[in-house]
Amino acid sequence: MKEYQVVIIGGGPGGYETAIRLAQYGITCAVVESQRLGGVCLNCGCIPTKALVKSAELYREMKEADQYGLPKPAELPLDYSQVFERKNKIVEQLVGGIEFLFKKRSIEVIKARADSITPQGDKWKVALDNGEEISASRVILATGSISKSLPNITIDEVDVLSSTGILALDKLPKSLAVIGGGVIGCEFASIMNSFGVEVHIIEFLPRIVALEDDEMCRRLALALKKQGIKVNTNVGLQSVTKTDAGLELGLSNESTLVVEKVLMSVGRAPNLDIEFPAGAPQLEKGAVVIDDQMRTSLNGIFAIGDVTGKLALAHTASKQGLMVAELIKDELEGKESHIQPLNYANIPRCTFTSPELASVGLSEAEAKEKYGEIIVGKFPFSASGKAMAMGDTNGFVKTIARADDQTLVGMHILGPNAAELIGQGAIFISQGANAKVVEDVVFAHPTLSESIKESIEDIRKMSIHKI
Ligand SMILES: Cc1cc2nc3c(=O)[nH]c(=O)nc-3n(C[C@H](O)[C@H](O)[C@H](O)COP(=O)(O)OP(=O)(O)OC[C@H]3O[C@@H](n4cnc5c(N)ncnc54)[C@H](O)[C@@H]3O)c2cc1C
């Protein structure tokens, strides 16, 4: 039986980055991956969707060329199969890149499914579906998550699609019902709408992207509606029936809707399809329970990424993994570890719609509940020279500070490049910066970042370009 210091199950952003860091520390590890390295993120999540977002954005801008003083094309026939091919090439290139990194660093990838994990002395034995067995003193579960559906609705990947299914379409449908107005649903709604598909969002809750700040959700919903997306909140999907006219959706408000395709984006469930004959790690709602050091209830078994049921984002998975790598290194060197617990609230969250929505830290309601008195600073992109020059002034920056010492506790951005800009908020908030300290920082002109500065100045009612 082949033995390693660490076995990682799952080669998504959690697993593959951890493996590289362990290799950098000179720790031997193997990654067991049943599909391709990169996991959901590279193969059917973050990367392919963002490739589509770019094509969609450019297509929309080309149609609006006259707004930039350029000739507006009379016609812009779209061959979506070319967009599809571009997306696939990007995925291929990136996955190939990770495979190359693994090769160069001599990290072993075992292309198999991990079927079971059993204790063997002070080690763990992992049985694979190819008949092989491997062992290690430490195992990292990085098995990710899978799409959920609703009771009585089957995802057949023909009519009713998962996010993976919609990414596999090389032809656009005429109409699409997006069930679930969370981040993934809204991103696909925005992409498809830009390509001219008739899009209906069906959201059971009173608002879309419900985990975000209430004001930002409302503003995003308004922007999406203005672009022609039908945003239906407080409505549930009850049935899907195939008819000659298309798929007939029965909704909880007694109405029906006929569309060509349905995208189920009602959330994702932790994926742990592995047997533990001698006792499984503790689970809560299907997610592996971890402590501040990503340790499960089983000694020597860690869990990272979507399977832990924390903030299901690629950068959460990688950060947790890098922390585990650091811990293992310290353990192997007999050192006490001084790793600080991860503050999940300070992990940036991005929705790549048009306009983009990004946030870090607390929402206004959460900040009020936690600190009582708070101050909110805002700055609209309509007052930003750079946003005007870009022809993209929809949205604003909202920064939340504690009233007592003006420590920044939340930042929310709706508008151009929000996902890039929020990195600045993440630095300020995770470093515990206060409004005055940030005001001392010089921001380049003309940039969208100045809107962050002005929203922070607005906390002290000192914004220059806002009345
Ligand atoms: C459409 C979509 C868009 C997204 N966009 C973004 C985005 O823009 N930004 C962002 O941060 N996040 C995004 N996400 C979320 C992101 O993809 C996940 O949070 C991230 O991939 C989780 O990483 P992970 O390492 O935990 O697991 P995964 O990426 O899910 O990888 C888990 C891997 O484990 C393998 N595996 C599972 N079980 C076994 C087993 N028993 N044996 C062997 N291998 C196994 C799987 O094959 C898989 O490759 C998106 C997700 C989707 C679906």
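Please read these numbers as outputs of a predicted model, since none were measured by experiment.

### With respect to the nonpolar core
Residues Val7, Cys29, Val139, Leu141, Val178 and Val262 are the most contacted members of the largest nonpolar core, which totals 127 residues. Ranked by residue count, the leading element in this core is helix α6 (residues 183-194), at 7 residues. Setting aside residues no more than four positions away along its own chain, Leu141 makes contact with Ile9, Leu272, Val288, Ile301, Ala303 and Val307.

### Observations concerning the site of the ligand
Of all residues adjacent to the ligand, which total 36 residues, the nearest are Gly10, Gly12, Gly39, Gly144 and Gly305. Elements with a contribution of two residues or more to the shell around the ligand: α1 (13-24), β2 (29-33), α2 (39-44), α3 (46-63) and α8 (314-332). A breakdown of the residues in the shell around the ligand according to their chemical character gives 15 nonpolar, 17 polar and 4 charged.

### Regarding the pairing of strand β24 (residues 408-415)
Within β24, 8 of the 8 residues are buried, which leaves it mostly tucked inside the rest of the structure. The pairing of strand β23 (residues 396-402) with β24 spans 6 bridges and is classified as antiparallel. The partner of Lys398 across the bridge, within β24, is His412. The hairpin turn running from β23 into β24, its antiparallel successor, is 5 residues long, and Gln406 in that turn takes a positive phi close to 60°.

### Here we look at the environment of Ile400
Here Ile400 shows up in strand β23. Between the C-alpha atom of Ile400 and that of Pro355, which follows or precedes it by 45 residues, the distance is 21 Å. Apart from the residues lying within four places of it in its own chain, the contact partners of Ile400 are Leu362, Glu364, Ala367, Ile374, Val376, Val409 and Gly410.

### A word on the domain arrangement of the chain
For the chain, the assigned domains read domain 1 (2-146 + 270-332), domain 2 (160-266) and domain 3 (355-459). With centres defined by C-alpha atoms, the gap from domain 2 to domain 3 works out at 30 Å. With 9 residues of domain 2 at the interface, the matching set in domain 3 holds 9 residues. When its residues are assigned to classes, the side of domain 2 that touches domain 3 shows 4 nonpolar, no polar and 5 charged.

### Points about unusual backbone geometry
Backbone torsion omega between Ser354 and Pro355 reads 0°, so that peptide bond is classified as cis. Secondary-structure assignment places Pro355 in the loop between β20 (349-351) and β21 (356-361). Along the chain, His445 connects to Pro446 via a cis peptide bond; the corresponding omega equals -10°. Here Pro446 is to be found in the loop between α12 (435-439) and α13 (449-459).

The rules behind the values
Residues numbered from 1 in each chain as written. Predicted model: local features only at pLDDT ≥ 70, side-chain atom pairs only at ≥ 80, totals over all residues. Core = buried A, V, L, I, M, F, W, Y, C linked by C-beta atoms within 7 Å. Buried ≥ 20, exposed ≤ 12 C-beta atoms within 10 Å, placed from the backbone. Helix = DSSP H or I, 4+ residues; strand = E, 2+ residues; numbered from the N terminus. Contact = placed C-beta atoms within 7 Å. Near = placed C-beta within 6 Å. Nonpolar A, V, L, I, M, F, W, Y, C, P; charged D, E, K, R; others polar. Pairing = 2+ DSSP bridges. Domains from an automatic or database assignment.

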